[in-house]
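# Descriptive analysis of the structure
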Amino acid sequence: MSQQKSVLLIIGGGIAAYKSLELIRLLSKGGVKTRAILTEAGSQFVTPLSVSALTGEKVFGDLFSLTDEAEMGHIELSRSADLVVVAPATADLMAKMANGHANDLASTTLMATDTEVLIAPAMNVRMWDHPATQRNLATLKQDGVRVVGPDEGDMACGEFGPGRLSEPAVIADQIFSYFTQKAGPLAGKSFLVTAGPTHEPIDPVRYIANRSSGKQGYAIAAELSKLGADVTLISGPTRLDAPAGVTRVEVESATDMLLATERALPVDGAVFAAAVADWRVANQADQKIKKQSGGDLPDLALAENPDILATISNHAEKRPSLVVGFAAETQTVIENAQKKLAKKACDWIVANDVSPETGTFGGDQNRVHLISKTGVEDWPLQSKADVAKNLAQRIADHFGE
Ligand code: C5P
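Definitions and cut-offs
Residues numbered from 1 in each chain as written. Predicted model: local features only at pLDDT ≥ 70, side-chain atom pairs only at ≥ 80, totals over all residues. Heavy atoms only, no water. Core = buried A, V, L, I, M, F, W, Y, C linked by side-chain atoms within 4.5 Å. Buried < 20%, exposed > 50% of the residue type's maximum accessible area, 1.4 Å probe, protein only. Helix = DSSP H or I, 4+ residues; strand = E, 2+ residues; numbered from the N terminus. Contact = heavy atoms within 4.5 Å. Salt bridge = Lys/Arg side-chain N within 4 Å of Asp/Glu carboxyl O. Pairing = 2+ DSSP bridges. Near = heavy atom within 4 Å. Polar contact = N/O pair within 3.5 Å; in protein donor to acceptor, adjacent residues only side chain to side chain. Areas by Shrake-Rupley, 256 points an atom, 1.4 Å probe, with all protein chains shown as cover. Domains from an automatic or database assignment. Buried area = accessible area lost by both parts, 1.4 Å probe. Nonpolar A, V, L, I, M, F, W, Y, C, P; charged D, E, K, R; others polar. Expected span 1.5 Å × (residues − 1). Axes fitted to C-alpha atoms, helices over the stretch in contact; angles between N-to-C directions.

## A closer look at the nonpolar core
Generally speaking, nonpolar side chains in soluble globular proteins are found buried as a group. Grouped together as the largest cluster of nonpolar side chains are 30 residues, with contacts concentrated most on Val7 and Ile175. Those elements giving two or more residues to this core turn out to be strand S1 (5–11), helix H1 (19–29), strand S2 (32–38), strand S3 (83–89), strand S4 (117–121) and helix H9 (168–182). In terms of residue count, the dominant contributor to this core is H9 (six residues). Ile175 has contacts with Val7, Leu23, Leu27, Leu83, Val85 and Leu118, leaving out every residue within four places of it along the chain. In this structure, Leu233, Val324, Val368 and Ala388 belong to the second largest nonpolar core, which totals 28 residues.

Now the structure itself:
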């Protein structure tokens, strides 16, 4: 790492707080400077003296301490670091963060920061599994907060399960890779990626959908983020976790996906990997449609969905400088994809042959062609993860030209 990086470490209360001392030591060994906020609960488990002995800095603890405010206000404190780390992140701290509470130095600082945040949760397994904690976790991920752990294992309270603080070495590694990523070729560039299927409601309980897993789009979002990009992933319903550091916006229908996509503009680049349903139900029912005796079937009228890729490619004011679409074809792959490139006015199309004999659908391997106005690149058969990695690299090369 070229310039010395710094972390603001918020130490929550919990038996795992002692591990934060080892974390500070590892960070310092890796050339990362740490400033620490010790919450009141945290100070029941580790002393300010041991923390400051390791950071070589004063430890911050009291929001209303006039001397602290004179030296460095909480706003400045929150912005003085390259990354804010909460370890251990207790159920209480997570709840405060998810709900925007600001009633002590730790929570106020977390509210005031414009720096990215990594949390390492640690708590009793039942507290971790509690729906409230899981709800808060989902909110925090949605807000783009990075999460490491918790691990599963024997706990200090005598129970077993998820809730143990990740090992300090694992947390330190996440911090180091965050800094490496931020120095990546796409640092400072913003991207949106669409992924997954869309669900088109028939009535409040039924919908039309497709079999897209969202894996390829999620992998692309993750790879762009690893190269330093600020990524918004607009995802239809999937079973996948949001990749670390990516802001996910979850949507259901194509109409919602278009709205969320327009809201994410302006961005430098956009990758449209979603399998958007071509049609929605025009006469969507407000109430569950009753099955009729006598075999009368409901009349479903279909309407064409908006083409999100074409809409963004033709955006008058906010067209991203690079727009990438996908094309799944079963015959004359390249020719059809070239037509699609022109029709949708995008810059590149990633085309693949999904005819049944290729095994692409549902499989892990993919053979794609990268098609632009200037030519066709035939990529070798490779894993979908490698397609994502190579595409992200080609995008980085494009922006580096
Ligand atoms: O026309 P077709 O569905 O084959 O085009 C595929 C490309 O267009 C993909 O990049 C897909 O994400 C995008 N698309 C879209 N909105 C639609 C249909 C397709 O963004 N309604």
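## A closer look at the pattern of salt bridges
Inspection of the entire model under this criterion finds 18 salt bridges. Salt-bridge contacts for Glu116 lead to Lys182; the nearest nitrogen and oxygen are separated by 3.2 Å. Residue Glu116 is found in the loop between helix H6 (105–112) and S4, and its partner Lys182 is found in helix H9; the two are separated by 66 residues along the sequence. For Arg319, the salt bridge is made with Asp347, and the minimal N-O distance between the two is 3.2 Å. Placement of the pair is Arg319 in the loop between helix H12 (308–313) and strand S16 (322–329) and Asp347 in the loop between helix H13 (333–344) and strand S17 (348–353), with a sequence separation of 28 residues. On the basis of relative accessible area, Arg319 is assigned to the partly exposed category, the value being 29%. One salt-bridge network, held together by shared partners, links Lys19, Arg164 and Glu167.

## A short note on the sheet that holds S1
The strand order across the open sheet built from five strands is S2-S1-S3-S4-S5, with neighbouring strands paired in parallel fashion. Of all strands in the sheet, those bounded by a partner on one side alone are S2 and strand S5 (146–147). Where S3 meets S4, four bridges bridge the pair, whose relative direction is parallel. By the bridge assignment, Val86 is partnered in S4 with Ile119.

## Quick look at the side chain of Ser253
The residue Ser253 is located in the loop between strand S12 (247–250) and helix H11 (254–264) in this model. Setting aside anything within four residues of it in sequence, one finds Ser253 in contact with Thr198, His199, Glu200 and Pro201.

## Some words on the site of the ligand
In the region of the ligand, the neighbouring residues are Phe272, Ala274, Val276, Pro306, Asp307, Ile308, Leu309, Gly325, Phe326, Lys340 and Lys344. Contacts to the ligand include Pro306, whose backbone N or O atom sits 2.8 Å from a nitrogen atom. One of the backbone N or O atoms of Ile308 is found 3.0 Å from a nitrogen atom in the ligand. Within the complex, the protein chains bury 84% of what would otherwise be the 440 Å² of accessible surface of the ligand. Mapped by element, the contributors of at least two residues to the shell around the ligand are H12, S16 and H13.

## With respect to the domain arrangement of the chain
Annotation of the chain at the domain level lists domain 1 (5–181) and domain 2 (190–400). A C-alpha centroid distance of 36 Å is found between domain 1 and domain 2. Summed over both sides, the interface of domain 1 with domain 2 buries roughly 650 Å², with 37% coming from carbon and sulfur. Together, Lys141, Gln142 and Gln181 form the three largest contributors to the area buried by domain 1 at its contact with domain 2, with a combined 71%. Where domain 1 packs against domain 2, one counts zero salt bridges. Summed over the shared surface of domain 1 and domain 2, the number is two residue pairs in polar contact (both at pLDDT 80 or more). When the residues that make up the side of domain 1 that touches domain 2 are grouped by side-chain class, the tally is no nonpolar, three polar and two charged.

## Section: the environment of Gly73
Of note, Gly73 is situated in the loop between helix H3 (66–71) and helix H4 (74–79). Separated by 157 residues in sequence, Gly73 and Asp230 have C-alpha atoms that sit 28 Å apart.

## Quick notes on the pairing of strand S8 (residues 190–195)
For S8, a buried count of six out of six residues is recorded, marking the element as mostly surrounded by other parts of the structure. Here S8 shows no split at all, with Ser190, Leu192 and Thr194 on one side and Phe191, Val193 and Ala195 on the other all buried. Summarising the sheet, S8 and strand S11 (residues 230–235) pair through six bridges and their orientation is parallel. Considered in S11, the bridge of Phe191 is made with Val231.

## Comments concerning helix H14 (residues 384–400)
A rise of 1.5 Å per residue sets the reference length of H14, with its 17 residues, at 24 Å; its end C-alpha atoms lie 24 Å apart and thus fit the reference within 8%. Of the residues making up H14, those classed as buried are Val387, Ala388, Leu391, Ala392, Ile395, Ala396 and Phe399.

## So, the sheet that holds S16
An order of S12-S11-S8-S13-S16-S17-S19-S20 is seen for the eight strands of this open sheet, with the pairing classed as mixed. Only two strands of the sheet have a single partner each, and these edge strands are S12 and strand S20 (375–378). Direction aside, the axes of adjacent strands within the sheet are offset by 15° on average. Note that S8 and strand S13 (residues 269–272) share four bridges and pair parallel. The residue bridging Leu192 from the neighbouring strand is Ala270, located in S13. Running over the sheet, H13 touches S16, S17, strand S19 (368–372) and S20 and is turned about 150° from S17.

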